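# Fold and geometry: a report
Chain by chain, the residues:
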Amino acid sequence: MTPAVEKSFDWDTFTERFWDRQPVLYKAVDAVPFAEPEVFRAAVLGSRPPHPLAVPGNLQFLVRRRQQTRPHDYLPELSDGSFDGYEQRMADRLGGQRYALVVHRFHSFSHPLWDRAQRFYAGLWERVGQPTHSAGSTMFHGSYEHSPVGVHQDRFATFMFCVRGTKRMRFWAERPWSDPVHTVLDYQPYLASSFVAEVEPGDLLYWPSRYYHVGESTGDAPATSVNVGIPRREHRPYYEVKDLFRGTRPAASAPLFTPDAAPDGRLAAELPTALADAVDAFAARLDEDRFADRATELALRVRTAGGFWPTEPPAVPRSLDDDTPVRGCALLLPAPGEAPRRWATGGHVTSGVTTAEALAVLRRLDAGEAVRVGELPEPGRAEVRRLLEELESFRAVIRVDAH
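Small disclaimer: the values here were computed from a predicted structure and weren't measured.

About the thresholds
- Residues numbered from 1 in each chain as written.
- Predicted model: local features only at pLDDT ≥ 70, side-chain atom pairs only at ≥ 80, totals over all residues.
- Heavy atoms only, no water.
- Pairing = 2+ DSSP bridges.
- Helix = DSSP H or I, 4+ residues; strand = E, 2+ residues; numbered from the N terminus.
- Contact = heavy atoms within 4.5 Å.
- Axes fitted to C-alpha atoms, helices over the stretch in contact; angles between N-to-C directions.
- Buried < 20%, exposed > 50% of the residue type's maximum accessible area, 1.4 Å probe, protein only.
- Patch = residues over 30% accessible without salt bridge, like charges linked within 9 Å, V, L, I, M, F, W, Y side chains within 5 Å.
- Areas by Shrake-Rupley, 256 points an atom, 1.4 Å probe, with all protein chains shown as cover.
- Salt bridge = Lys/Arg side-chain N within 4 Å of Asp/Glu carboxyl O.
- Lys, Arg positive; Asp, Glu negative; His and termini not counted.
- Charge placed at Lys NZ, Arg CZ, Asp CG, Glu CD.

Before going further, it helps to examine the sheet that holds strand E12 (residues 223–231). Through backbone hydrogen bonds, the strands of a sheet pair up, either in parallel or in antiparallel fashion. Ordered by their spatial adjacency, 9 strands build an open sheet running E1-E2-E10-E7-E12-E6-E5-E3-E4, and the pairing between neighbours is mixed. Unpaired on one side and paired on the other, strand E1 (4–6) and strand E4 (66–67) mark the two borders of the sheet. Where strand E6 (residues 136–142) and E12 come together, 7 bridges link them in antiparallel fashion. Bridged to Gly 136 within E12 is Gly 229. Running over the sheet, helix H2 (residues 36–45) touches E6, strand E7 (156–164) and E12 and is turned about 110° from E7.

Before going further, it helps to spend a moment on the pairing of strand E3 (residues 59–63). Most of E3 sits inside the fold, with 4 of its 5 residues counted as buried. Bridge count for E3 against strand E5 (residues 99–104) is 5 bridges, and the pairing is antiparallel. Note that in E5 the partner of Leu 59 across the bridge is Val 103. Pairing of E3 with E4 involves 2 bridges; the strand directions are antiparallel. Bridge pairing in E4 links Val 63 to Arg 66. Joining the antiparallel neighbours E3 and E4 is a turn of 2 residues, in which Arg 64 adopts a positive phi near 55°.

Strand order in the open sheet formed by 3 strands is E14-E15-E16, with antiparallel pairing between adjacent strands. Of all strands in the sheet, those bounded by a partner on one side alone are strand E14 (333–334) and strand E16 (348–349). Where E14 and strand E15 (residues 343–345) come together, 2 bridges link them in antiparallel fashion. What sits directly across from Pro 334, in E15, is Trp 343.

So, on to a negative patch on the surface. On the surface, Asp 287, Glu 288, Asp 289 and Asp 293 cluster together to form a negatively charged patch. Tracing the sequence through the fold places Glu 288 in helix H7 (residues 288–304).

Laid out in structure tokens, this is it:
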């Protein structure tokens, strides 16, 4: 068995013939979902360590098969200039040893990259529906022998876009082993039942979630790809619960440890203070009104993120003077209910209610007009200015040349 190979790409044919059915390789797609300069910049931003001795939680770096627990000087830097520069530095640094750089939540580190991806996959959402839980994105770069996790099966249907180099994906239609394990690193005994697809720059490979798979290098040269995973199996409520409480960090009023058990081996009946603080913090979030607000906000964020949430955090707001015109450049989605409303765009939600004056300005922006704060009635200017500055930080309005 081999994947189908197609020379032209369109979403109608894809969903009719391949979606949730079988792998397919599209050669040299015209609408590129990921551009190499944007991928490199996102790789740099997405691999910044929280401090010099820690590897970010969204990142893996391996030398040969050994997971690195410190970043050292292994991660890409803007000073590398491009993947060419980074690859040369790694070749010198590692003496030609194979390595793997894996960056998860990749789309959240670059607004241009996210924008390109969500516009590309909008065609799929129109036909099969936007996922209620976010699609995931992961960049794989390096000369690694095979994927760090080995042969495995995901809960995602996956699109792999090859950015540079050549990558090989190996597939099995059924689990090739009988042992009670989820992944296998040494899969030589199962090669005979596998089939492969070789993916070159500009190619797009798709496979359904039921297929077991592993990525392989085709030689010594590094290769780069970006994978987009769309949830199709094992949907679990805890993914939504985790998102609802994302960013909730209760203040600890006591050390984060559990007291020793009593001589009879029993723990105290009451929770340790730090755990009680956490329970109280989460319970407060479950207040009906607060929970409804948070759930609504999350729904707006996910809906406006184009299938890819979270998105890059807002930029630092800039002061907007009276004479600088601004114009809308992204759609705004209102929260449900009566005015005053909050608005969402690009995975972000405005922080305050919208006054009547601000609502009138949003309507003008939606109609394609340019707006100056100085032309508005004095009583409403401050609130409108704050809203426009926030929307600019969301990348939903832009400043335009007055001429």
